[in-house]
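This is what each chain is made of:
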Amino acid sequence: MANVGLQFQASAGDADPQSRPLLLLGQLHHLHRVPWSHVRGKLLPRVTEELWQAALSTLNPSPTDSCPLYLNYATVAALPSRVSRHNSPSAAHFVTRLVRTCLPPGTHRCILMVCERSDAFASACALARAFPLFTQRSGASRRPEKKTVTVEFFLVGQDNGPVEVSTLQGVPSEFWAGAGDLSILYPLRAPLLLPSATGTGFLLSLGLAKPGAPSHLSLRCAHKVREAGTDAPPRQRPQCLTSATEGVRLAARIVDTPCNEMDTDTFLEEIKKVGKELGIVPTVIRDEELKTRGFGGIYGVGKAALHPPALAVLSHTPDGATQTIAWVGKGIVYDTGGLSMKGKRTWQRWSCVAPGGIVLELSGSCPCGRASFLSLAAGPTTRCRSSDVTPQGDPRRPVAFPGFCGRQVLHLRGPGTTMPGMKRDCGGAAAVLGAFRAAVKQGFKDTLHAVFCLAENSVGPSATRPDDIHLLYSGKTVEINNTDAEGRLVLADGVSYACKDLGADIILDIATLTGAQGIATGKYHAAVLTNSAEWEAACMKAGRQCGDLVHPLVYCPELHFSEFTSAVADMKNSVADRDNSPSSCAGLFIASHIGFDWPGVWVHLDIAAPVHAGERATGFGVALLLALFGRASEDPLLNLVSPLGCEVDAQEGDAERDTKKRRLV
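Residues numbered from 1 in each chain as written. Predicted model: local features only at pLDDT ≥ 70, side-chain atom pairs only at ≥ 80, totals over all residues. Heavy atoms only, no water.

In the annotation of an unreviewed UniProt entry, the protein is listed under the name Cytosol aminopeptidase domain-containing protein and assigned to Eschrichtius robustus.

Engineer: Would you explain the sheet that holds strand E23 (residues 550–552) in this entry?
Structural biologist: Read from one edge of the open sheet, eight strands run E11-E12-E18-E13-E21-E25-E22-E23, paired in mixed fashion. Two strands lie at the open edges of the sheet, namely strand E11 (283–286) and E23, each paired on one side alone. The average angle at which neighbouring strand axes cross in this sheet is 20°, direction not considered. Where strand E13 (residues 324–335) meets strand E18 (residues 447–457), 11 bridges bridge the pair, whose relative direction is parallel. Bridge pairing in E18 links Gly331 to Leu454. (Pairing = 2+ DSSP bridges. Helix = DSSP H or I, 4+ residues; strand = E, 2+ residues; numbered from the N terminus. Axes fitted to C-alpha atoms, helices over the stretch in contact; angles between N-to-C directions.)

Engineer: I keep staring at unusual backbone geometry and nothing clicks. Help me out?
Structural biologist: For residues other than glycine, phi is negative in most cases, and the peptide bonds are mostly trans. In this structure, the amide linkage connecting Leu44 to the following residue, Pro45, adopts the cis form with an omega of 5°. Among the structural elements, Pro45 can be located in the loop between helix H2 (36–43) and helix H3 (49–58). Residues Ser62 and Pro63 are joined by a peptide bond in cis, for which omega reads -5°. Mapping Pro63 onto the fold places it in the loop between H3 and strand E3 (65–70). Unlike most non-glycine residues, Leu71 shows phi in positive territory, near 45°. Position of Leu71 relative to the elements: it lies in the loop between E3 and strand E4 (74–79). Residue classification places Leu71 among the exposed positions, given a relative accessible area of 60%. (Buried < 20%, exposed > 50% of the residue type's maximum accessible area, 1.4 Å probe, protein only.)

Engineer: Sorry if this is basic, but what is going on with the packing of helix H8 (residues 264–278) against helix H11 (residues 427–441) here?
Structural biologist: To describe two helices that pack against each other, one gives the angle between their axes and the distance between the axes. One way to put it is that H8 packs onto H11 with a least axis distance of 10 Å and a crossing angle of 5°. Of the possible angle classes, the one that applies to H8 and H11 is roughly parallel. Residues Phe267, Glu270, Ile271, Val274, Glu277 and Leu278 of H8 form the contact with H11, whose participating residues are Ala429, Ala430, Leu433, Phe436, Arg437, Val440 and Lys441. The class makeup of the residues in the contact of H8 with H11 is nine nonpolar, no polar and four charged. (Parallel < 35°, antiparallel > 145°, perpendicular 65-115°, else oblique. Contact = heavy atoms within 4.5 Å. Nonpolar A, V, L, I, M, F, W, Y, C, P; charged D, E, K, R; others polar.)

Engineer: Is there a simple way to think about the nonpolar core in this case?
Structural biologist: Side chains of a nonpolar character, in soluble globular proteins, are inclined to be buried together. Ranked by size, the top nonpolar core spans 104 residues in total, and within it Val99, Phe121, Phe153, Phe267, Trp327, Phe452 and Phe629 carry the most contacts. If you tally residues by element for this core, the top one is H11, at 10 residues. Not counting residues up to four positions away in its chain, the partners in contact with Val99 are Leu23, Leu25, Ile111, Leu127, Ala130 and Phe131. In terms of nonpolar packing, the next biggest core, distinct from the first, is built from 46 residues, Cys453, Leu472, Ile480 and Ile507 among them. (Core = buried A, V, L, I, M, F, W, Y, C linked by side-chain atoms within 4.5 Å.)

Engineer: How should I be thinking about the UniProt feature "domain: Cytosol aminopeptidase" (unreviewed entry) in the protein in this particular structure?
Structural biologist: Mapped onto this structure's residue numbering, the UniProt feature "domain: Cytosol aminopeptidase" (unreviewed entry) falls at residues 482–489. Between the C-alpha atoms that bound residues 482–489 the distance is 11 Å, and the span itself is 38% helix and 0% strand. (UniProt positions renumbered as here; feature names shortened; annotations may be inferred.)

Engineer: I'm lost on H2 in this one. Help?
Structural biologist: The α-helix winds at 3.6 residues per turn, so residues separated by three or four positions along the chain end up facing the same way. With six of eight residues buried, H2 is to be regarded as a mostly interior element. Within the span of H2, buried status applies to Trp36, His38, Val39, Gly41, Lys42 and Leu43. Close packing links the buried residues of H2 with strand E2 (22–27), H3, E3, E4, strand E5 (108–116) and strand E6 (147–156).

Engineer: When you look at a nonpolar patch on the surface in this model, what are you seeing that I'm missing?
Structural biologist: A cluster of nonpolar side chains, Leu339, Met341 and Val459, forms an exposed patch at the surface whose accessible area comes to about 250 Å². Tracing the sequence through the fold places Met341 in the loop between E13 and strand E14 (349–354). (Patch = residues over 30% accessible without salt bridge, like charges linked within 9 Å, V, L, I, M, F, W, Y side chains within 5 Å. Areas by Shrake-Rupley, 256 points an atom, 1.4 Å probe, with all protein chains shown as cover. Salt bridge = Lys/Arg side-chain N within 4 Å of Asp/Glu carboxyl O.)

Engineer: Would you mind showing me how to read the sheet that holds strand E19 (residues 469–471) here?
Structural biologist: Backbone hydrogen bonds hold the strands of a sheet together, and the pairing may be parallel or antiparallel. Across the sheet, which stays open at both edges, the three strands sit in the order E19-E20-E24 with mixed pairing between neighbours. Bordering the open sheet on either side are E19 and strand E24 (571–572), each of which pairs with just one other strand. Here strand E20 (residues 477–479) pairs with E24 via two bridges, running parallel. Counterpart to Glu479 in the pairing with E24 is Lys572.

Engineer: Is there a simple way to think about the state of the cysteines in this case?
Structural biologist: Working definition of a disulfide: a covalent bond connecting the sulfur atoms of two cysteines. Evaluation of the coordinates by the stated rule reveals zero disulfides. Free cysteine Cys240: the closest other cysteine sulfur is in Cys125, separated by 7.9 Å. Judged by relative accessible area, which is 4%, Cys240 ranks as buried. (Disulfide = S-S within 2.5 Å.)

Engineer: In this structure, what is going on with the pairing of E6? I would like to understand it.
Structural biologist: Working note: regular strand, side chains alternate between the two faces of the sheet. A large share of E6 lies buried, amounting to nine of its 10 residues. Here strand E1 (residues 4–9) runs beside E6; their pairing, made up of six bridges, is parallel. Residue Gln7 lies in a different strand from E6, and its bridge partner there is Thr150. Of the pairings in the sheet, the one linking E5 to E6 comprises nine bridges and is parallel in character. Within E6, the position partnered with Glu116 by the bridge is Val156.

Engineer: What should I look at first to understand the packing of helix H4 (residues 92–102) against helix H5 (residues 120–129) in this one?
Structural biologist: Orientation of H4 relative to H5, taken along the N-to-C sense of each, is 40°, at an axis distance of 8 Å. Comparing the axis directions of H4 and H5 gives the class oblique. Note that H4 runs across H5; the crossing there is right-handed. Residue-level inspection shows Ala92, Val95, Thr96, Val99 and Arg100 of H4 in contact with H5, the latter providing Ala122, Ser123, Ala126, Leu127 and Arg129. A per-class count over the contact of H4 with H5 returns six nonpolar, two polar and two charged. (Left-handed = near helix turned anticlockwise from the far one by under 90°.)

Written out as structure tokens, the structure reads:
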């Protein structure tokens with residue numbers, strides 16, 4: 001799917017599904033609200049109205065379901081009808097799965113996404129994840145034809161009615177209806193003036209939705225739309241979903257690209273390319289200059305690599321900004337672990353066959369109670385024992401344990417090392433780049449800095465050694481007791497720079513920081529650690545709104561930070577007790593370099609697990625940053641999905657509102 005172009009259109013038009021395969025996707029009760037008059041042009045002559053209704057009646061999502069409408073050219077798929085409180089109402093993860101499995105093959109295809117307006121942003125980003133960009137398969141170069149997937153949204157209202165304009169806070173009177181884009185529309189109560197390319201306008205009469213009918217309007221034009229009677233020319237900006245999905249795919253492409261192609265030099269080129277597109281010249285500090293200027297964390301991690309480390313900054317400084325925001329991304333293009341090199345994976349899950357054929361699922365212990373871990377070693381002395389030995393040989397061969405309990409053991413996971421996949425350790429920086437590009441394109445009203453901490457944690461004569469002591473940009477010294485805990489070192493320099501040099505009021509760092517994150521919050525939810533209870537709640541809500549799910553970690557520095565106590569430096573870089581909330585502790589290490597009493601807002605996002613799904617990157621974090629800071633955007637859709645408010649009372653007049661200091665919190 002690397003050569004697939006994703007296009008959002010207000011109306012995908014009509015076509016025979018045999019010439020343009022079609023996937024209709026939505027929750028079952030939403031699909032029932034799609035009138036036949038809207039889909040007939042996309043299904044006829046292959047699918048009749050009776051067949052369409054029969055297909056809907058056969059769907060029984062548990063949690064999802066699908067039904068072919070005509071061979072493999074047209075399919076309707078149903079999302080879960082309801083989700084739990086820690087999931088996104090859009091069921092974004094299931095959107096991606098269904099598109100991957102149910103979208104018919106073809107060169108030009110169409111997806112009709114049926115959802116509520118509040119779920120459109122999350123659904124679009126989920127669609128983008130199904131079409132990764134990176135591939136080095138030799139066959140791809142022999143297929144030069146460009147495939148396209150056209151996405152049309154059919155918006156249904158809330159409570160069996162259309163979405164009212166009054167429910168959309170901050171929606172301006174203008175919106176973009178660019179050719180090839182998806183327009184986020186709402187029921188209109190007034191005619192619209194569409195200016196032509198020559199500056200003259202014409203009046204478009206609209207048939208308004210009847211009470212209880214779905215909300216849908218198709219505009220096929222390439223001009224701004226604004227309410228009749230307004231004199232100010234509309235501001236031109238790209239359509240929100242196009243910018244957001246391009247950001248998601250950009251981040252996923254960077255994360256998918258291996259280090260022999262995506263080294264620190266190449267990552268800097270990606271940053272410069274985005275800067276050129278936005279008219280921003282990046283600030284770059286690298287190699288020996290990092291050491292000279294005191295960035296001991298970034299320099300110490302990356303100094304052994306062939307391509308030198310770097311700190312890069314993209315800065316968006318609009319007029320009228322009321323606060324300064326910094327997004328700091330961890331960009332470890334590859335992580336060998338350094339001299340504390342990543343080792344072999346040991347078995348921790350087993351299926352033990354006891355006498356009588358009883359199969360017991362184990363996780364780290366034997367039912368005999370005499371071994372805390374089961375280990376499989378080659379040779380005649382293989383037995384149940386407490387040591388943690390790397391397994392060898394056939395991982396699926398039952399092995400008798402003549403030692404403690406004599407049970408047969410069948411291992412459930414194959415052998416390997418923990419190093420493959422470490423190309424993804426730049427996922428935080430990739431998310432910052434994709435989100436920054438989209439945020440600026442959509443009109444970000446506050447000062448926004450994107451800080452990229454780039455390095456390759458490699459091995460060589462000049463590599464950092466355990467026991468080395470580094471002076472970081474914060475002025476604090478760190479004793480290295482684990483070179484594989486490198487992400488917190490580069491981020492400590494990054495947040496210190498954001499605080500001291502950029503004067504940020506809000507600092508958010510995002511990183512694939514700890515493997516323990518996947519245990520703490522799972523592979524779908526990122527972990528958030530913050531000094532603000534309000535921002536903790538906001539991150540969770542933003543995650544549900546955009547599909548990049550988030551769950552909080554324990555924030556308790558007075559209990560946890562003692563894990564980093566050092567006898568010879570201000571702190572160590574790795575904890576003394578790995579069983580004491582290691583993901584929280586890793587985040588606290590970063591916070592300590594701006595100070596736990598710092599008056600600003602600090603947010604830490606650990607995305608180690610959700611940065612990928614199987615073998616592919618997800619672009620996780622782009623949608624989350626756009627939604628979390630959507631209130632600072634000029635885009636109405638980002639305003640809609642943002643969980644944060646303003647200090648100004650909504651009933652105050654515009655003149656007084658302009659004199660107030662706008663805050664995200």
